[in-house]
Amino acid sequence: MASTDTAGADNGSLPELAAVYWRPRADRRSLTRSGRLWTLSTIAHTVPFIGAAALLTALKPVTLPVAFILLAHAWAIPELYAARGANVVRTLAQAGPDAEQRALGLLGDLLDHDARELHGRTGLVLERGCLGVWLVAQAGALVVAPGGRRVYCYCVKATGADLPSADRTAHLLLALRADEIGFATVANLAFSGACWRLRRRLCATARDALTAAVQTSAVAS
Amino acid sequence: MSRLIRMDQTGHTTLVEWTAEDPAAVQEAIAAFRAELDQGYYAVVSHGEGHAEQVRELPVDAPLVILRRPIAGG
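Nothing here was measured: the structure is a model prediction, and the numbers come from that model.

(A) Looking closely at the overall build of chain A. Helix and strand content of chain A: eight helices and five strands. What you see in chain A, going N to C, is helices and strands ordered as α-α-α-α-β-β-β-β-α-α-β-α-α. Along the first, second and third principal axes, the C-alpha atoms of chain A reach 80 × 40 × 35 Å. When the 221 residues of chain A are sorted by exposure, 42% land in the buried category. Contacts spanning at least 24 positions in sequence make up 71% of the contacts within chain A whose residues lie at least 6 apart.

This is how it looks when you write it as structure tokens:
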């Protein structure tokens, strides 16, 4: 009766993993591999544009305007990817004020003073984990890898559209705390890249939270 | 006093409160706990920063048991 039996097939793993049974469980190595693949993919998207722009300019200087258009594409593609990453920390529509207040109280009970203060300023919850330093939002989370240079943005949310915003964050935070590896496996990777690339696409408050996560990550590693 | 709460559209709802020394209250809490799990909720006991535990049986001695909805990649 008083036992704390764990759920899921593995000890302590998230039950939601059953819905993504085909995915290998994430770990630091797979995260690093995903980051490199993401970088390679970005290079593969941009280098042809840069190469074509250089070639056109060299062969026919009169095509310089076209070369500028190609360079604009080479610039825009990584920016669009970063914007997609920044989108995971967007805020959603709020519920009624009473519900929001109650949800905020519960979330506050789950946090220590520093995390509560950061959430009050930025709306994001900072959580240290084995994969890095997480920032948990309402409909996603990002993790700053040890060293504070690379960030991984995940799209993940609680099911149901009627939850107060703080409850959405609390759902993700509790799942993350219960099984960080499972959380990173269930969530969909939306972006991976340098922190500075993501920072430019974030709002000012989210930038503050990212700065705190990068500093925490740099100190921890 | 232990509490079983459910995160829902109201912020959260306290479903039942009990003490380990009150068998009737414990039985009521277990029944409420199982009913929520049957509805698709997952139960978590938070142990502070970085630590929480998924539970499938009611931990009678835990001060706070939280029921959450499933999460999914967006």
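Here the narrative resumes, following the displayed structure.
(B) Layout of the overall build of chain B. Along its length, chain B carries one helix and six strands. From first element to last, N terminus to C terminus, chain B shows the α and β order β-β-α-β-β-β-β. Expected size for 74 residues packed as a compact globule is a radius of gyration near 11 Å; at 12 Å, chain B falls within 12% of this value. When its C-alpha atoms are laid out on the principal axes, chain B stretches across 45 × 25 × 20 Å. Counting every position in chain B, which comprises 74 residues, the buried fraction comes to 32%. Taking the contacts inside chain B whose residues are at least 6 apart along the sequence as the reference set, 40% of them involve residues at least 24 apart.

(C) Region of interest: the interface of chain B and chain A. At the interface, 29 residues of chain B touch 45 residues of chain A. Examined bridge by bridge, strand β4 (residues 150-158) of chain A and strand β6 (residues 71-73) of chain B share three bridges and lie antiparallel to one another. Bridging from a neighbouring strand, A:Ala158 pairs with B:Ile71 of β6(B).

(D) Geometry of helix α4 (residues 113-122) of chain A. All names here are of chain A. Taken residue by residue, α4 has Ala115, Leu118, His119 and Thr122 as its buried positions. Projection of α4 onto a plane perpendicular to its axis shows the buried side chains occupying an angular sector of 100 degrees, all on one side. Turned more than 90 degrees away from the buried face of α4 sit His113, Glu117, Gly120 and Arg121, all of them exposed. On its buried side, α4 packs onto β1 (125-128) and α8 (204-220). Once α4 finishes, Gly123 follows within two positions and takes phi at roughly 80 degrees, a positive value.

(E) Spatial organisation of the confidence of the model for chain A. Put simply, chain A has an average pLDDT of 91, and 95% of its residues get 70 or more. With pLDDT under 50 throughout, residues 1-10 of chain A is counted as low confidence; its partners more than four residues away or in other chains account for 26 contacts.

(F) The arrangement of the confidence of the model for chain B in detail. Averaged over all residues, the pLDDT of chain B equals 93, while 100% of them reach at least 70. Of the two predicted TM-score estimates for the complex, the pTM is 0.90 and the ipTM is 0.94.

(G) Broad picture of the environment of A:Cys153. Residue and element names in this part refer to chain A. Structurally, the position occupied by Cys153 is in strand β4. As for Cys153 and Leu135, which are separated by 18 residues in sequence, their C-alpha atoms are 9.4 Å apart. Excluding residues that lie within four positions of it along the chain, Cys153 makes contacts with Gly85, Val88, Gly140, Leu142, Ala190, Phe191 and Leu198.

(H) Seen up close, the pairing of strand β2 (residues 13-18) of chain B. Residues and elements named next belong to chain B. Taken together, the five bridges between strand β1 (residues 2-6) and β2 define a ladder with antiparallel strand orientation. Paired with Arg6 across the bridge in β2 is Thr13. Between β1 and β2, which pair antiparallel and follow one another directly, the connecting turn spans six residues, one of which, Gly11, has a positive phi of 105 degrees.

(I) Fine view of the nonpolar core. All names here are of chain A. If you look at the biggest cluster of nonpolar residues, it comprises 76 residues, and the most contacted ones within it are Leu124, Leu126, Leu135, Val136, Ala141, Leu142 and Tyr154. Ranked by residue count, the leading element in this core is helix α5 (residues 165-178), at eight residues. Once residues lying within four places of it in the same chain are set aside, the contact partners of Leu124 are Val89, Leu118, His119, Leu135, Val136, Ala137, Ala206 and Ala209.

(J) Region of interest: the environment of B:Val16. Residue and element names in this part refer to chain B. As for its placement among the helices and strands, Val16 is situated in strand β2. A count of 19 C-beta atoms within 10 Å places Val16 in the partly exposed class. Here the alpha-carbon distance between Val16 and Arg3, two residues 13 residues apart in the chain, equals 6.0 Å. Not counting the four nearest positions on each side in its chain, Val16 is found in contact with Leu4, Glu28, Ala29 and Ala32.

(K) How the structure looks around the packing of helix α1 (residues 28-59) of chain A against helix α2 (residues 64-86) of chain A. Residue and element names in this part refer to chain A. Where α1 contacts α2, the axes come no closer than 8 Å and their chain directions differ by 170 degrees. What the angle tells us is that α1 and α2 run roughly antiparallel. Residues Thr42, His45, Thr46, Phe49, Ile50, Ala52, Ala53, Leu56 and Thr57 of α1 touch α2, and the partners they reach there are Leu64, Val66, Ala67, Leu70, Leu71, His73, Ala74, Ile77, Pro78 and Tyr81. Of the residues that constitute the contact of α1 with α2, the class distribution is 14 nonpolar, five polar and no charged.

The rules behind each value
- Residues numbered from 1 in each chain as written.
- Chains lettered and ligands numbered in written order.
- Predicted model: local features only at pLDDT ≥ 70, side-chain atom pairs only at ≥ 80, totals over all residues.
- Helix = DSSP H or I, 4+ residues; strand = E, 2+ residues; numbered from the N terminus.
- Buried ≥ 20, exposed ≤ 12 C-beta atoms within 10 Å, placed from the backbone.
- Contact = placed C-beta atoms within 7 Å.
- Rg over C-alpha atoms; globule rule 2.2 N^0.38 Å.
- Pairing = 2+ DSSP bridges.
- Arc of directions from axis to C-beta.
- pLDDT = per-residue confidence, 0-100.
- Core = buried A, V, L, I, M, F, W, Y, C linked by C-beta atoms within 7 Å.
- Axes fitted to C-alpha atoms, helices over the stretch in contact; angles between N-to-C directions.
- Parallel < 35°, antiparallel > 145°, perpendicular 65-115°, else oblique.
- Nonpolar A, V, L, I, M, F, W, Y, C, P; charged D, E, K, R; others polar.

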